Amino acid sequence: QVQLVESGGGLVQAGDSLRLSCAASGRTYSMGWFRQAPGKEREFVAGINWGGDRTTYADSVKGRFTISRDDPKNTFYLQMNNLKPEDTATYYCAGTTIIHILTAWGEYDYWGQGTQVTVSS
């Protein structure tokens, strides 16, 4: 069982940037970032495939967020720029043994505990 641990969340102002990290205890193939705001369903944010050459983003974050991976370190990142108050949520990373990108939370095999991101206006 692979353990995932997120870090990098915090309280920032609108327009600021944050970089979230997700450290994996073992190898994962494709991975994704999800978020859940209070009272809302968990939603897909970004995904990256096993080779790292394909990425997918939710329309709400395209052009502002970038997902990446550092395989020697078993670490994944979500660079978030130009943050908006509507980006406020708990962010979760998820990993899978599937090599292509998955966008549904239930399709992933491993989950992190989440890191809180709060963006003030």
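Residues numbered from 1 in each chain as written. Predicted model: local features only at pLDDT ≥ 70, side-chain atom pairs only at ≥ 80, totals over all residues. Heavy atoms only, no water.

Student: Please set out the state of the cysteines residue by residue, giving values where relevant.
Tutor: For the structure shown, the criterion picks out 1 disulfide. Note that C22 is cross-linked by a disulfide to C93, the S-S spacing being 2.1 Å. Around the S-S axis, the bridge from C22 to C93 shows a dihedral of about 60° and counts as right-handed. Linking C22 in strand β3 (residues 18-24) with C93 in strand β9 (residues 89-95), this pair joins segments that are 71 residues apart in sequence. For the pair C22 and C93, one class covers both residues: buried. (Disulfide = S-S within 2.5 Å. Helix = DSSP H or I, 4+ residues; strand = E, 2+ residues; numbered from the N terminus. Buried < 20%, exposed > 50% of the residue type's maximum accessible area, 1.4 Å probe, protein only.)

Student: How would you summarise the environment of A89 if you had to cite specific residues and measurements?
Tutor: Turning to its location among the elements, A89 is positioned in strand β9. What makes A89 buried here is its relative accessible area of 3%. Linking A89 and K73, residues 16 residues apart in sequence, is a C-alpha distance of 26 Å. Beyond its immediate stretch of four places on either side in the chain, A89 contacts R35, Q36, A37, T115, Q116 and V117. (Contact = heavy atoms within 4.5 Å.)

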